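Breakdown of the fold
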Amino acid sequence: MRNALGLMLASVVAAIVIAGGWYFYSARADQGAPQTTAARAADPLPAQAKLAAKDDVETTAAIAGKPAAPAAAPAPAPAPVQDATCTNPNALGVSRVVEIDTTGGPGFGFEQYKQFDFLADKEVVLTFDDSPWPHNTPAVLKALADECTKGLFFSVGKHASWHPEILRQVLAQGHTVGTHTWSHVNLAGKKMTEQQAKDEIEKGFSAVKWALGTNPSPFFRFPQLSQNPALVSYLGSRNVGIFSTDLDSFDFRKESTPDKIISNVMTKLDKLGKGIILMHDFQKRTGEALPTLLARLKAGGYKVVQIKAKTTFESLPEYDEAILKELKLPTSGSATNARPVSSVVQTISQR
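Residues numbered from 1 in each chain as written. Predicted model: local features only at pLDDT ≥ 70, side-chain atom pairs only at ≥ 80, totals over all residues. Heavy atoms only, no water.

What follows concerns the nonpolar core. Residues Leu-126, Leu-290 and Leu-297 are the most contacted members of the largest nonpolar core, which totals 33 residues. Elements that contribute at least two residues to this core include exactly β3 (123-131), α4 (136-146), α6 (164-172), α7 (194-212), α9 (258-272), β9 (275-280) and α10 (284-299). Discounting chain neighbours no more than four positions away, the residues touching Leu-290 are Phe-128, Val-140, Ala-143, Leu-144 and Met-279. (Core = buried A, V, L, I, M, F, W, Y, C linked by side-chain atoms within 4.5 Å. Buried < 20%, exposed > 50% of the residue type's maximum accessible area, 1.4 Å probe, protein only. Helix = DSSP H or I, 4+ residues; strand = E, 2+ residues; numbered from the N terminus. Contact = heavy atoms within 4.5 Å.)

Our focus in this paragraph is the environment of Lys-114. Looking at the element boundaries, Lys-114 is found in the loop between β2 (107-108) and β3. The exposure class assigned to Lys-114 is exposed, which follows from its relative accessible area of 56%.

Another aspect to go through is the confidence of the model for the protein chain. For the protein chain, mean pLDDT is 80; residues scoring 70 or higher make up 70% of the total. Of the regions scoring below 50 in pLDDT, residues 1-5 engages in 0 contacts with residues more than four places distant in sequence or in other chains. Low confidence marks residues 12-82, where pLDDT is under 50. Its contacts with residues over four positions away, or in another chain, come to 13 contacts. (pLDDT = per-residue confidence, 0-100.)

What follows concerns the side chain of Ser-155. As for its placement among the helices and strands, Ser-155 is situated in strand β4 (residues 152-155). Within the structure, Ser-155 has its side chain in polar contact with the backbone oxygen of Ser-131 (distance 2.9 Å). For Ser-155, the contacting residues outside a window of four places in its chain are Ser-131, Pro-132, Ala-160, Leu-167, Val-177, Gly-178, Thr-179, His-180, Thr-181 and Val-208. (Polar contact = N/O pair within 3.5 Å; in protein donor to acceptor, adjacent residues only side chain to side chain.)

With that out of the way, let us pick up the pattern of salt bridges. Throughout the structure, instances matching the rule amount to 9 salt bridges. Put simply, Lys-274 and Asp-117 hold a salt bridge, and the shortest N to O gap is 2.9 Å. Of this pair, Lys-274 sits in the loop between α9 and β9 while Asp-117 is found in the loop between β2 and β3, placing the two residues 157 residues apart along the sequence. Overall, Lys-274 belongs to the partly exposed group, its relative accessible area being 22%. Here Glu-194 and Lys-198 are joined by a salt bridge, their closest N and O atoms 3.4 Å apart. Of the two residues, Glu-194 and Lys-198 both sit in helix α7, 4 residues apart, roughly one turn of that helix. (Salt bridge = Lys/Arg side-chain N within 4 Å of Asp/Glu carboxyl O.)

For the rest of this paragraph, the subject is the packing of α4 against α6. Two elements in contact, α4 and α6, have axes whose closest approach is 10 Å; the angle formed by their N-to-C orientations is 15°. The pairing of α4 with α6 is recorded here as roughly parallel in orientation. Judged by the twist between their axes, the crossing of α4 over α6 is left-handed. Contacts between α4 and α6 involve Thr-137, Pro-138 and Leu-141 from the first element and Ile-166, Gln-169 and Val-170 from the second. (Axes fitted to C-alpha atoms, helices over the stretch in contact; angles between N-to-C directions. Parallel < 35°, antiparallel > 145°, perpendicular 65-115°, else oblique. Left-handed = near helix turned anticlockwise from the far one by under 90°.)

What follows is the structure in structure tokens.
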């Protein structure tokens, strides 16, 4: 009996000891591992490391914002500005449209003017002199339309007065129209007086205005790129931008052929990397060369920049009247006569 009572007492004591040990272990475990394993605080981060860590947190947390681009990633090339009517998905198109403020008569084209370098690498401007001309200008327009791209045309006043319907096609297809004098005479010639030169410039603008039925762009190119300081100053006073060139196609030379035109342009362009290209839509071979030339430009990774003016050119009334006399048209009410037909006669009812 005594032995049994002692055995029971020993069992109770053992149970108390075990329960106490379990309680002690559980209490230690609830305090968490860091308090038992972190013997000392971590070393403080250097200031630069703290900033980097903070930036990482902010970038990761800013879900609503756009992720930052890698520092070395180049800016994406602008998508071609395709004409809404363009049906050629692989067209050269227009990569960029620039608007020029012609106040003071800025000059463009590194052959003569060095101040404004607005083209990026692999960018070109397509320019055409002496327009409009039957068959040849329409051939150029078709080649440009097939590639959904745009050019800058410098029209001779006499040509505009002879073929206004063609020049209106140039404008209607979205190209920019400037001028190239009244009769394509060398304005810096020895026998040319300053007043005669000014007359050539102003009559050219008035003739193009008459042909278009609206004001042309205030852009001008000297015939043969032949200029003098007095005329450059005069164009500046009229707020006309002057265009020279970066590379000449030499399409006007007698020995020129479509293949030579293409070779001239691409050889010079691959050397320069960009530029304002001088061509003549007056020349038949230019229209013949253009489809292949545009294809070569696209294959070479070149992009077309379209030029537009911030304002239009304001012609002088005395020269507007002089053109009407030249064309043997009535000068009374000349402002009305210069209006396009659609602004004078409109169909209001038709069966």
